Amino acid sequence: MTIKVIDAPEARRYEARMDGDSAVAGFAEYIRTAELIAFVHTEVAPEHEGKGVGSELARTSLDEARAAGLRVLATCPFYAGWIARHPAYADLLYQARSKVSD
C-alpha cells in the first residue's frame, strides 16, 4: 500500500491517506513559527495501525522541516520516540539556548 502525506496548513497538521483514499488514515498536528515546528499530537486510525502510517507522517514532515530550515520540538511522544529510533533526524531537535538558572 502506498501512503501519501500532505501538509494541510489550514488545519495545522500533516495528513496521511492510503492509496488515494479520501479518508484520512492518520495525522500529525503541529504549531509552526518562522523558526520552529512543534509536533504536538499524532493519531492513526485503528484500521491503519501497524501499516507504517505514523512513520511516513514523521519522515515526510521532518524531511520538510529540514528543507525549510526549521528546528523541531517533539512534544508528541510518538515523534520523540521516532526521532530517538532514527538518529539521522536528531540534529533537527530544538535545544533551548538560555543559560539562565535559578
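Residue indices follow the written sequence of each chain, beginning from 1 at its first position. Reporting in this predicted model follows two pLDDT cut-offs: at least 70 for local features of residues, and 80 or more for side-chain atom pairs to be given and counted; totals over whole chains, interfaces and linings ignore these cut-offs and use all residues. Values shown for side chains rest on all heavy atoms present in the structure; no hydrogens or waters enter the calculation.

Working note: a packed helix pair is described by the angle between its axes plus the distance between those axes. Here, axes are lines fitted to C-alpha atoms. For helices the fit covers the stretch in contact, and angles between N-to-C directions go from 0 to 180 degrees. Numbering goes from the N terminus for both helices and strands, where a helix is a DSSP run of H or I of at least four residues and a strand is a run of E of at least two. At a minimum axis distance of 11 Å, the contact between helix α1 (residues 53-67) and helix α2 (residues 77-85) shows a crossing angle of 75°. If you check the angle between α1 and α2, you find them roughly perpendicular. Only Phe 78, Tyr 79, Trp 82 and Ile 83 of α2 make contact with α1, whose side of the interface consists of Gly 54, Ser 55, Leu 57, Ala 58, Arg 59, Ser 61 and Leu 62. Gly is placed with the polar residues, together with every amino acid not listed as nonpolar (Ala, Val, Leu, Ile, Met, Phe, Trp, Tyr, Cys and Pro) or charged (Asp, Glu, Lys and Arg). In terms of residue class, the contact of α1 with α2 is built from seven nonpolar, three polar and one charged. Angles below 35 degrees are treated as roughly parallel, those above 145 as roughly antiparallel, those between 65 and 115 as roughly perpendicular, and all remaining angles as oblique. Pairs of residues are marked as contacts when any of their non-hydrogen atoms sit within 4.5 Å.

What follows covers the pairing of strand β5 (residues 71-74). Along β5, the buried face is formed by Val 72 and Ala 74; none of Arg 71 and Leu 73, which line the opposite face, is buried. Where strand β4 (residues 36-44) lies against β5, four bridges are found, and the strand directions are parallel. Looking at the pairing, Ile 37 lines up with Val 72 of β5. Here the term right-handed applies to a crossover when the path leading from its first strand over the helix to its second strand runs clockwise, the strands being oriented away from the viewer. For the handedness criterion, the β-α-β arrangement of β4, α1 and β5 is classed as right-handed. Partly exposed residues are those whose accessible area sits between 20% and 50% of the maximum for their type, while under 20% is buried and over 50% is exposed, using a 1.4 Å probe and protein chains only. The rule for pairing is simple: two strands pair if DSSP sees at least two bridges between them.

To continue, consider the sheet that holds β5. Pairing in this open sheet of five strands is mixed, and the strands run β1-β2-β3-β4-β5 from one edge to the other. Two strands in the sheet have a free side with no partner beyond their single neighbour: β1 (3-8) and β5. Taking the axes of each pair of neighbouring strands and ignoring which way they run, one obtains an average angle of 25° across the sheet. Contacting β1, β2 (13-18), β3 (26-32), β4 and β5, α1 runs over the sheet at an angle of about 135° to β2. Sheet strands touched by α2: β3, β4 and β5. Its angle to β5, the strand with the most contacts, is close to 120°.

With that settled, the discussion passes to the nonpolar core. Here, nonpolar core refers to any group of buried Ala, Val, Leu, Ile, Met, Phe, Trp, Tyr and Cys residues whose side-chain atoms link them within 4.5 Å. Counting 24 residues, the largest nonpolar core has Tyr 14, Ile 37, Phe 39, Leu 62, Val 72 and Tyr 79 as the members making the most contacts within it. If you list the elements that add at least two residues to this core, you get β1, β2, β3, β4, α1, β5 and α2. Ranked by the residues each element gives to this core, the list is headed by α1, at five residues.

Another point: the packing of aromatic side chains. Think of a pair of aromatic rings as described by two things: how far the centres are apart, and how the planes are tilted against each other in angle. Here the aromatic set is Phe, Tyr and Trp, taking the six-membered ring for Trp, and pairing holds for ring centres within 6.5 Å; pairs whose planes are under 30 degrees apart are stacked, those over 60 apart are edge-to-face, and all others are tilted. If you walk through the whole model with that rule in mind, you get six aromatic pairs. Look at Tyr 30 and Phe 39: their rings are 6.4 Å apart centre to centre, the planes differ by 70°, and that puts the pair in the edge-to-face class. Side by side, Tyr 30 and Phe 39 carry an identical accessibility label, which is buried. On the basis of an interplanar angle of 55° and a centroid distance of 5.3 Å, the ring pair of Trp 82 and Tyr 89 is categorised as tilted. Here Trp 82 matches Tyr 89 in class, with each residue buried. Through a chain of ring-to-ring contacts, three or more aromatic side chains come together here, namely Tyr 14, Tyr 30, Phe 39, Phe 78 and Tyr 79. Here, over-ring charges are defined by two tests on the NZ atom of lysine or the CZ atom of arginine: distance to the ring centre within 6 Å, and angle to the ring normal within 35 degrees. Positioned above the aromatic ring of Phe 27, the side-chain terminus of Arg 13 is 4.4 Å from the ring centre.

What is shown is where atoms sit, not what they do.
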